[in-house]
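Here is what each chain is made of, one letter per residue.
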Amino acid sequence: MTAKEIRQAFLSFFESKQHHVVPSAPIVVKNDPTLMFTNAGMNQFKDLFLGEATVKYSRVADTQRCLRVSGKHNDLEEVGIDTYHHTMFEMLGNWSFGDYFKKEAIAWSWELLTEVYKIPKEKLYVTYFEGDEKEGLEKDQEAYDLWKQYVDESHILPGNKKDNFWEMGDTGPCGPCSEIHVDCRTDEEKALVDGASLVNADHPQVIEIWNNVFMQFNRLKDGALQSLPAKHVDTGMGFERLVRVLQDKTSNYDTDVFQPLIQFISDKAGVEYGADEKTDIAMRVMADHIRAISFVIADGQLPSNNKAGYVIRRILRRAVRYAYTFLNFKEPFLNQLVPLLAEQFKGVFDELISQQDFVQKVVLEEEVSFLRTLSTGIQRFEKYQATNHVVEGAFAFELSDTFGFPIDLTELMAREKGWSVDLLGYEQALKKQKDDSRAATAIDTGDWIVVNAEDQSEFVGYDDLEIETEILKYRKVKAKGKEQYQIVLRETPFYAESGGQVGDTGRLEDHSRQFWVDITDTKKENGLTVHFTDILPDNLEGKFWAVVDEDKRILTEDNHSATHLLHAALKQVLGKHVNQKGSLVNADYLRFDFSHFAKVTDEELAQIEVIVNQKIRQNIKLKEQRNVPYQDAIESGVTALFGEKYGDFVRVITFDDHFSKELCGGTHVKATGQIGSFKIVSESAVAAGVRRIEAITADKAEQFFLDQRRELGHLKALLNGSKDLSASVQALLDENAKLKKEIEKSTLERVNNLKHEIVHHVRGINGINLIAKHIDLQSAEAVKNLAFSLKDMIDNLFLIFTTEIDGKPGITVMLSDHLVKKGLNASNIVRELGKEIQGGGGGQPFYATAGGKNPAGLKTVLEKAENFIPHHQ
C-alpha cells in the first residue's frame, strides 16, 4: 500500500464505524496560551475534553499535522539521527466524546491492524496500565481482560505510570492508556531475544505505533485526581511509523513518505543515500525539516526571533547547516524541495500547494540570510584564539545562539585545528538560557473554582454590549510576580481576543450597580471566553451586569471593518495573489500583513486609499450571516484565511457582494460610513514576500488631518503667508545649496592656508615629523581633508589634531605608511588619548578619530603626543 492508500484506509475504516471525519487543525495553535504548536491529535479537541464546548459529533476521526521539538525522544538535535522520530508528523486518530469506551476502542484498533492492514498478529504487543500505589490507582483490569480476547497473554504487558498513564499537562484531563507495539526485527533476531523485553526500551525495530488513551480523570493543581463527568477515548497512531511497518522497511525514511524528497536531495548533491552515515543523516534532516518548515509557514507563522517564529527559524537553520556542512550545498537549496512536498500532499493538505510560491520564497530568503550568518560565524571561529587548545564553552554557546552553529559543527572545526571544546561549559550556558527563558514565561495557574453549576458559556456581544449574567467559575493566575483573576460568565458581551482583534475591556458591576471590578482584558482559551480582572467582586454569587467599554469597542470595529475593505482593495490594485498573513486591530490603529513580493508604490497606496474611502462614503450596510455551512460559504466565493481553524458552520461578513466577503468571527460596524475616513500611515516589509500596512480611521484619522493642517498653517506663517509653498521651499533649498557651496569654498581656502602654515611648525623627533596642534575648523570633513593633505606632503608624519566643533571635543591621528609598517597604530593611539576627553574612538592603523565630552582635556592630549613616538627608528 502507498502512504496515501494507508491514510485513506484508516479514515474510511472509522467512517464505517460512524465516525465523522474532520480536517486537520492548523499546526500553529491560536487561543491556547499553553501551546505554540499542535503537538498531539487531541489538541483541537481540548475544549471538548474539558467540557468547555458543546459536542457536535460524539465520534470523530482525522489525520492531524503535529510538530514536536522538545520532550521525550523529540529534542530537535536528535531528529534525523535515528529512524523513527520527526519534527512534523501526522497523527491518525479516532475519538469518542462520552460515547464508546475501552471495549470498542480496543476491538476496532485490533480489527484495523490485523484485518485491514493485515499485520501478522504475532508481531504485535499491547500494554496496559499496571496501576500506581502512590496515586491510589488500580491496575487497568478492564483493558487487560479485553485484550485477552484477541492477544496471547505473553504479548500483553504491564506498563508503569510513565508509559501507560497519559496526561495533557500538569493539570487537566488524563487517564490510563493502552499502547500497541510492533516487532519489526528479523526472525533470526527474534529467536535470540524475546520481543516482550524490548517493548518501551527504545529499540529502533520494536516501536510503538498506536496509543489508546482512556480519559477518566481530571488532574487538579494539588495533584489530586477527580473523575470526569463523561469518559472519552483519545487515540493516536503515528502515520509515518505505520507506513514503515506496512511497507516492510526498517526506517521511516525508507518509505514513500520521505524517499521522493531524499532521492531529490541525493541527485542534486551527487551523493548516494546509504553510502555514508553522515550524509544520510543530513538528507534525513533536510527531508524531515522541510515538512515542518513548509506547513508552519503555510499556516501563517513566519520565521522570526521570538516564540513560534524562532522555533521554525531554528528548524530551518538546522537543515541548512547539515546541507552546508555534509552535502556541500553552499547556495540556497532547501527551498527547491517545497514544490515536491506540495505535490506530495495534494488532495490531503491543499493549503501547501495553494501557497507554494509564497512558502518557497520565504524559505529561500531565510536560507540566503542564514548562509550569510553562517559565513560570518566561520570567520569568527577562524579568528578565535583557543586557550590551551580548548574552545571555551561560552564561545561555543555564542556560536550556537548567535550564528546557528550546532555543537557538533563547532567540535568538527575544533578537531581540524587540533582543539577540543569545553562541552560542560557549553551545557551550562545552554541550561542557563533555558532556565531564564522558562522563568520569564512561567505562569502559575490555579484550579477553576465553580461558583454556579457549570453550563456552556455563551458570547452575545454581536448584539449586546451590556447584559445581566452570572459568574460560572474563576481561578487565580500568577505571572511575572503579578496576581490576577480569570472569570467565566454564563453569558458575556465581551469579545475575546481572536483573529487579530484585541479583547474587550469594561466593567463587571454588582446588581445594585454601586460596586464594580474592571475587566482589563478578554481572551479565548480552548474555546472558553476568559475575563481578566485584578480583583474579585466581594460576593461572587447572584447577578452581575457585564458592561463593555463601548467607545473602545466602536473604534476597534471601525479598524476591523477597515481591514476587510483594505484586503479587498489590495486584491483589486495589486492582484488576486494577495492574502492576509496577519493583522492587529485595536481602538487606535490597524496593522495588516499580506503576501506581496514587491514594495507597494506611492501611486498604488494612493489608489488603495481612494478605493477604501469610496466604500466608506457609500455607507455600505453590513451583511452578516451566522451559522452558514462551511462548504456553502466557500462555494459562494468567500475569502478564507490560511492557518485558521473553521468549524462546520461559519460566520460570513460582507460589505458589497462584489467587493468584500470574508469568513470572520470579529465584531464590525453596522455600515461603512461609521468608519469616517481611512488613512495609510506606513508601508513596510515584514519578511520575505510579506508586506505590512499600518493605517488609522475615525477620530485618529481626523486628528491626523487636523495635525497636518496645523503644520501646514505653521509652515505658511514661517514663509510669510506664501501662496505657493512648493515654490517657496524650493527657493529656500536653492539658496541653502548656494550658501553651502560658498562655505565649502571658504573652508577649502582656509584648509589650504592652514596646510602651508602648519608645514613650517613640524618638529623632528628621532627621525619622525611630529605635528601636534589645535585646529580651528568647524567641519570634521575639513579636518580630515587637512590631515590627508599633510600626509601627502610630509614623510614619516606623526600628526595629532585636537578640535572643538559645536562645543564637542575631538581628536584626529594620522600616521605615514612607513610608521604603520614599523608597528604604530593610529586606532590604538586615539583610543588611549580619548580617555583624556572622556570619550573613545577608533579607525584604521593610519587614520583614526575620537570624540568625547570634556574639552578641558584637549590640552593634555597635545602634551602627551610626544610620548607615543618610539625612541629608536
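Look above for the structure.
Values in this document were obtained by computation on a predicted structure and should not be read as measured data.

J.: For this particular structure, what's the right way to read the overall build of the protein chain?
T.: Along the backbone of the protein chain there are 24 helices and 36 strands. Taken across its 873 residues, the protein chain has 50% of its residues classed as buried. About 41,300 Å² of surface is accessible on the protein chain, with carbon and sulfur atoms providing 48% of the total. Mean positive and mean negative side-chain charge positions of the protein chain (104 and 134 charges, respectively) differ by 5 Å.

J.: Would you mind going over the sheet that holds strand β26 (residues 623-629) with me for this structure?
T.: Sheets are built from strands that pair by backbone hydrogen bonding, the pairs being arranged parallel or antiparallel. Here three strands make up an open sheet; going across it, the order is β26-β27-β28 and the pairing antiparallel. At either end of the open sheet lies a strand with only one pairing partner, and these are β26 and β28 (660-663). For this sheet, the mean angle separating the axes of adjacent strands, direction not counted, is 20°. Across four bridges, strand β27 (residues 649-655) lies against β28 in antiparallel orientation.

J.: What is the right way to read the packing of helix α20 (residues 725-759) against helix α21 (residues 780-793) from this model?
T.: Axis angle and axis distance: for two packed helices, these are the angle between their axes and the distance between the axes, and together they describe the pair. Interaxial distance between α20 and α21 falls to 10 Å at its minimum, and their mutual angle equals 40°. Comparing their axes, α21 and α20 come out oblique. Our pair here, α20 against α21, has a crossing hand that is right-handed. Side by side, α20 and α21 meet where Thr747, Val751, Leu754, Lys755, Ile758 and Val759 of the first sit next to Ala782, Leu786, Ser789, Leu790 and Met793 of the second.

J.: Any chance you could explain the environment of threonine 639 here in plain terms?
T.: The topology assignment puts threonine 639 in the loop between α18 (630-635) and β27. Overall, the relative accessible area of 18% leaves threonine 639 in the buried class. Along the sequence, threonine 639 and tyrosine 150 sit 489 residues apart, while their C-alpha atoms lie 50 Å from each other. If near-sequence neighbours (up to four positions away) are discounted, threonine 639 is found in contact with His567, Lys571, Lys661, Glu662 and Leu663.

J.: It is not clear to me how the nonpolar core should be interpreted in this structure. Could you clarify?
T.: Buried together is how nonpolar side chains tend to be arranged in soluble globular proteins. With 116 residues, the main nonpolar core has Leu113, Tyr117, Met237 and Leu334 as its most contacted residues. Of all the elements, helix α9 (residues 277-298) adds the most residues to this core, at 13 residues. With residues near it in sequence (within four places) discarded, methionine 237 still touches Phe10, Glu90, Met91, Leu92, Leu112, Leu113, Tyr117, Ile209, Trp210 and Leu242. Counting 29 residues, the second largest nonpolar core, distinct from the first, contains Leu570, Val578, Leu590 and Ile620.

J.: Help me understand the packing of helix α1 (residues 3-15) against helix α7 (residues 239-246) in this model?
T.: Contact pair α1 / α7: the axes reach a minimum separation of 10 Å and the direction vectors enclose 115°. Classified by the interaxial angle, the pair formed by α1 and α7 is roughly perpendicular. In the crossing of α1 with α7, the sense of the turn from one axis to the other is right-handed. Mapping the contact onto sequence places Ala3, Ile6 and Arg7 in α1 and Phe239, Leu242, Val243 and Leu246 in α7. When grouped by side-chain class, the residues that make up the contact of α1 with α7 number six nonpolar, no polar and one charged.

Conventions and cut-offs
Residues numbered from 1 in each chain as written. Predicted model: local features only at pLDDT ≥ 70, side-chain atom pairs only at ≥ 80, totals over all residues. Heavy atoms only, no water. Helix = DSSP H or I, 4+ residues; strand = E, 2+ residues; numbered from the N terminus. Buried < 20%, exposed > 50% of the residue type's maximum accessible area, 1.4 Å probe, protein only. Areas by Shrake-Rupley, 256 points an atom, 1.4 Å probe, with all protein chains shown as cover. Lys, Arg positive; Asp, Glu negative; His and termini not counted. Charge placed at Lys NZ, Arg CZ, Asp CG, Glu CD. Pairing = 2+ DSSP bridges. Axes fitted to C-alpha atoms, helices over the stretch in contact; angles between N-to-C directions. Parallel < 35°, antiparallel > 145°, perpendicular 65-115°, else oblique. Left-handed = near helix turned anticlockwise from the far one by under 90°. Contact = heavy atoms within 4.5 Å. Core = buried A, V, L, I, M, F, W, Y, C linked by side-chain atoms within 4.5 Å. Nonpolar A, V, L, I, M, F, W, Y, C, P; charged D, E, K, R; others polar.

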